[in-house]
Amino acid sequence: MRAWRKKIEKLSLHKKIAAAMFLTPVISSLIIFCFYYSYMKEFYHEKVEIFQENNRENMTANLKSILHQIDNVSDQVLGMAVLSEDFDGYSEKDDYEKLLLRREITGQFTNICISNEMIDHIYMLDFEGNGFSSNSEWDLQEYLEEMDFPLDPEQKGRSVILPPHRAGYRSLGSSAQGPYVLSFVTYLNRFTKSGSIGLIQIDILYSEIEAAMELLEMTELDFSFVADEDGYLIYAPKEEDAGKLASEAVYSSCNLGEIMENPDAGQNSERSVVSESIEDTGWTLIQVNSNAMLAEEMGKMQRTWILIFLVCLICAGIVSLSLSHSITKPIISLIRSMGKVSRGNFDIRVEVPESRELAELAFSFNSMIQEVDSLMKENIQKEHEKTRLQMMTLNAKINSHFLYNTLNTVKWQAISKKQMEIANSIVALTKILEYSYKDTPELVQLKEEIRFIEDYIYIQNIRYGHHVKMEYEMEEGCENLYVLKMLLQPVVENALLHAFDNNQENNRIVLQCNTENQHMKIRIFDNGRGFQYEGFDKLTGIGLNNIKERLELNYGTNASLEIESTPGKGTCVTMKFLLLREGEDIQ
């Protein structure tokens, strides 16, 4: 040990630093990896279990939601059909009465399907062989041929759920097999108020069940299936297995029937099986979870640690080599460099010597040179910019005065010609220009912004032929509060340019203003065409983006901008920011 210690002491300073810098991250990474590997393994195991449990709960909730919606639709249909006596003696009615009754039934069925997007179609049969449906293209003959149980006037009322099957009756004369559907059938007995109705069938597409079950991305070895009390698959990992007996379906080398009959037997070190009953249905949800997801997560963690370890090795090597080479610079280099700077050469940079004290001096000197050079360049740039702005200001004043005088001359010419509409337009335009060019503070009273908007709308209505009416719903005192100058105009401009059609009538833009919790809230909404709003980052215009940036720049977190739009109904822009009265400044 002493011999090794003496060898280490004999090493030069730069070798000691290089070795220390190289070994420190390596040893630290190994220690951290050893201590936290077991902890992270347990953490990921719990994470995967929670993910699988949440997935199962979501699937169960979605299935219950579908069943609940079906119950509601069934109640609507039964309330419309079963309690009515209009179906009695249907065959004895004349053709016109049958046509009216059929239109009424199919219309009500269609309305129920439209209001419940999950429903594919509704079918109803009476004991005389007549069929009614929301599907105008269905094949009644094929429907009767596919029935599992013939209708009997002496039948007892009951409800059954038919497993997924091909709805060949869905399209008349179609050569295709038809889509997979799940059928909810209610057989009505002869003791109901209308004794003519045999059954009512509600079909939903199998794709709705798939959407409820395929929630989150999982590995190929993780799957779920749903079976009824007779062992038929309500949902299967493969669509072609839907409607089969679970014992006839095999997925991922697992027989679904065996797993359903004995979930405990299907569990091993590679997978686990969880079974859950769907209440009031006789359905059972089986979830098969493998260790593939845990292995994947652990593999990600291991790759991350290996990458960190390699990065540490590379960084340690680079830093150690850099430090070892940095000590070779002589002190005289520092002196010569400082001499060049003293003669006015501010482009030079002092090389960093090996000594810590001299290194600190070199860093400070380099910073001082850079700062002095930056300040000199900045002062020169400011002088140039100041001169340019002065010239721009002078030109703006000359141009604005010339424009005001010219517009004033044109206005009086229009008045002399009794063209009052032209004169009023010029007055409004002059006010707009005066407000835009006027050297006013960033904050103005809301009433000044409103006067500007009134003139702006007047000009735009004349320019584009619009007939847009501006309305105000103001809380008392809001007109004297302060807002950013030109804050509202871009919103009104968007409404004028994009919200209304030329032939549209009763065009309105409403400005609401109120205060709440020391904040000012302004809502501007129109009754225009609206649009499909997909998020602020999807907007391509610069007006609303400019408003958002100005609010954030001036108010920070005390401001917000929200947009709501519905196609065919209009658009609403809401701005909320810190309330300011006369004499107050933005903090």
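Up top is the structure these notes are about.
Right, let's walk through the structure included here. (Residues numbered from 1 in each chain as written. Predicted model: local features only at pLDDT ≥ 70, side-chain atom pairs only at ≥ 80, totals over all residues. Heavy atoms only, no water.)

### Quick word on the environment of Gly231
- As for its position among the elements, Gly231 is in the loop between strand 6 (223-227) and strand 7 (233-235).
- Sequence separation between Gly231 and Gly243 is 12 residues; the distance between their C-alpha atoms is 9.5 Å.
- The contacts of Gly231, once residues within four sequence positions are left out, are Lys244, Leu245, Ala246 and Met260. (Helix = DSSP H or I, 4+ residues; strand = E, 2+ residues; numbered from the N terminus. Contact = heavy atoms within 4.5 Å.)

### Digging into a nonpolar patch on the surface
- A contiguous nonpolar surface patch, about 330 Å² in accessible area, is contributed by Ile27, Ile31 and Phe35.
- Relative to the helices and strands, Ile31 resides in helix 2 (residues 13-81).
- The class for Ile31 is partly exposed, based on a relative accessible area of 45%. (Patch = residues over 30% accessible without salt bridge, like charges linked within 9 Å, V, L, I, M, F, W, Y side chains within 5 Å. Areas by Shrake-Rupley, 256 points an atom, 1.4 Å probe, with all protein chains shown as cover. Salt bridge = Lys/Arg side-chain N within 4 Å of Asp/Glu carboxyl O. Buried < 20%, exposed > 50% of the residue type's maximum accessible area, 1.4 Å probe, protein only.)

### Here's the deal with helix 13 (residues 543-555)
- The first and last C-alpha atoms of helix 13 sit 18 Å apart over 13 residues, in line with the 18 Å expected at 1.5 Å per residue.
- By the burial criterion, the buried members of helix 13 are Leu544, Ile547, Arg550, Leu551 and Tyr555. An end-on view of helix 13 places all buried positions within 120 degrees of arc, on one side of the element. What points out from helix 13, more than 90 degrees from its buried face, is the exposed set Glu549 and Leu553.
- Of the surrounding elements, those touching the buried residues of helix 13 are strand 12 (443-445), strand 14 (482-484), helix 12 (489-498), strand 17 (560-566) and strand 18 (570-578).
- Just beyond helix 13, the residue with positive phi is Gly556, at close to 65 degrees. (Expected span 1.5 Å × (residues − 1). Arc of directions from axis to C-beta.)

### Some points on unusual backbone geometry
- Residues other than glycine seldom take positive phi values, yet Met486 does so here, at roughly 60 degrees.
- With respect to the secondary-structure elements, Met486 resides in the loop between strand 14 and helix 12.
- With relative accessibility at 25%, the residue Met486 sits in the partly exposed group.
- Residues other than glycine seldom take positive phi values, yet Asn517 does so here, at roughly 55 degrees.
- Structurally, the position occupied by Asn517 is in the loop between strand 15 (507-516) and strand 16 (519-526).
- We classify Asn517 as exposed; its relative accessible area is 68%.

### Things to note about the pattern of salt bridges
- Tallying each qualifying case throughout the model produces six salt bridges.
- Notably, a salt bridge pairs Arg56 with Glu276, separated by 3.6 Å at the nearest N-O pair. Of this pair, Arg56 sits in helix 2 while Glu276 sits in strand 10 (residues 271-278); the two residues are 220 residues apart in sequence, bridging distant segments of the chain.
- Judged by relative accessible area, Arg56 falls into the buried class, the value being 13%.

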